[in-house]
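Working through the structure, step by step
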Amino acid sequence: MVGKYKVITLCGSTRFRDAFFQEQKRLTLEGNIVISVGLFGHSGDQEVWTEGTKEMLDDMHKRKIDMADEIFVINVDGYIGSSTRSEIAYAQNTGKIVRYLVTP
């Protein structure tokens, strides 16, 4: 918590850009501080695929999880890829609450 606000990090495939924005807005209006991804590699942000960048972003996202009280998984149609699975495992191992857009 930061003040009276819960901190939530969004996780999920970057192919779901619109769902990320929708959930970020919803969670913010509910009174949460929301941390999201910086780039959407699977939705056109080609910079992700330059050498070393994806690895840096993956590590950075785990630091965003460290700052959060919980994560919210954007799993449209139940889809969870390998990077997101890794983030879920990391969050669980560090005692974070894990919530899902679509119940797995």
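Look above for the structure.
Here is a short report on the structure shown in this document.

Looking at the pairing of strand β4 (residues 97-100)
- The sheet contact formed by strand β3 (residues 70-74) and β4 spans 4 bridges and is parallel. Across the sheet, Val 73 pairs through a bridge with Tyr 100, a residue of β4.

Comments concerning helix α3 (residues 82-93)
- Spanning 12 residues, α3 covers 16 Å between terminal C-alpha atoms, matching the ideal 16 Å at 1.5 Å per step.
- Every buried residue of α3 is accounted for by Thr 84, Glu 87, Ile 88 and Ala 91. Across the axial projection of α3, the buried residues extend over an arc of 100°, all falling on one side. In α3, those exposed residues whose orientation departs by more than 90 degrees from the buried face are Ser 82, Arg 85 and Asn 93.
- Considering only its buried residues, α3 is in contact with β1 (7-12), α2 (53-67), β3 and β4.
- Looking one or two places after α3, you find Gly 95, whose phi comes out positive at around 80°.

Overview of the sheet that holds β3
- Strand order across the open sheet formed by 4 strands is β2-β1-β3-β4, with parallel pairing between neighbours. Edge positions in the sheet fall to β2 (33-35) and β4, since each of these pairs with one other strand and no more. Taking the axes of each pair of neighbouring strands and ignoring which way they run, one obtains an average angle of 30° across the sheet.
- Across the sheet, α3 touches β1, β3 and β4, and the angle it forms with β3 is around 160°.

Looking at the layout of surface pockets
- Of the volumes computed, that of the largest pocket is approximately 410 Å³.
- The wall of the largest pocket is formed by 23 residues, among which Gly 12, Thr 14, Lys 54, Asp 58 and Glu 87 lie closest to the centre.
- Mapped onto the lining of the largest pocket, the elements with two or more residues apiece are α2 and α3.
- Among the residues making up the lining of the largest pocket, the classes are represented as 7 nonpolar, 11 polar and 5 charged.

Regarding the nonpolar core
- Among the nonpolar cores identified, the biggest contains 11 residues, and these are Ile 8, Leu 10, Phe 16, Ala 19, Phe 20, Leu 27, Val 34, Val 37, Phe 40, Phe 72 and Ile 74.
- For this core, the secondary-structure elements that each account for two or more residues are β1, α1 (17-29) and β3.
- A total of 3 residues in this core trace back to one element, the largest contributor, which is α1.
- Counting 8 residues, the second-largest nonpolar core is a separate cluster that includes Ile 65, Ile 71, Val 73 and Ile 88.

Some details on the pairing of β3
- Taken across its 5 residues, β3 has 5 buried, putting it largely inside the fold.
- Of the two faces of β3, both are covered, the one formed by Glu 70, Phe 72 and Ile 74 as well as the one formed by Ile 71 and Val 73.
- Pairing of β1 with β3, which is carried by 5 bridges, proceeds in the parallel orientation. Note that in β3 the partner of Cys 11 across the bridge is Val 73.
- Note that the unit made of β3, α3 and β4 has a crossover that is right-handed.

What counts, and at which threshold
Residues numbered from 1 in each chain as written. Predicted model: local features only at pLDDT ≥ 70, side-chain atom pairs only at ≥ 80, totals over all residues. Heavy atoms only, no water. Pairing = 2+ DSSP bridges. Helix = DSSP H or I, 4+ residues; strand = E, 2+ residues; numbered from the N terminus. Expected span 1.5 Å × (residues − 1). Buried < 20%, exposed > 50% of the residue type's maximum accessible area, 1.4 Å probe, protein only. Arc of directions from axis to C-beta. Contact = heavy atoms within 4.5 Å. Axes fitted to C-alpha atoms, helices over the stretch in contact; angles between N-to-C directions. 1 Å grid on protein atoms, 1.4 Å probe; cavity = no way out; pocket = protein on both sides within 12 Å on 5 of 7 lines; lining within 4 Å. Points joined across faces, edges and corners; volume = space filled by probe spheres on them. Nonpolar A, V, L, I, M, F, W, Y, C, P; charged D, E, K, R; others polar. Core = buried A, V, L, I, M, F, W, Y, C linked by side-chain atoms within 4.5 Å. Right-handed = clockwise from strand over helix to strand, strands pointing away.

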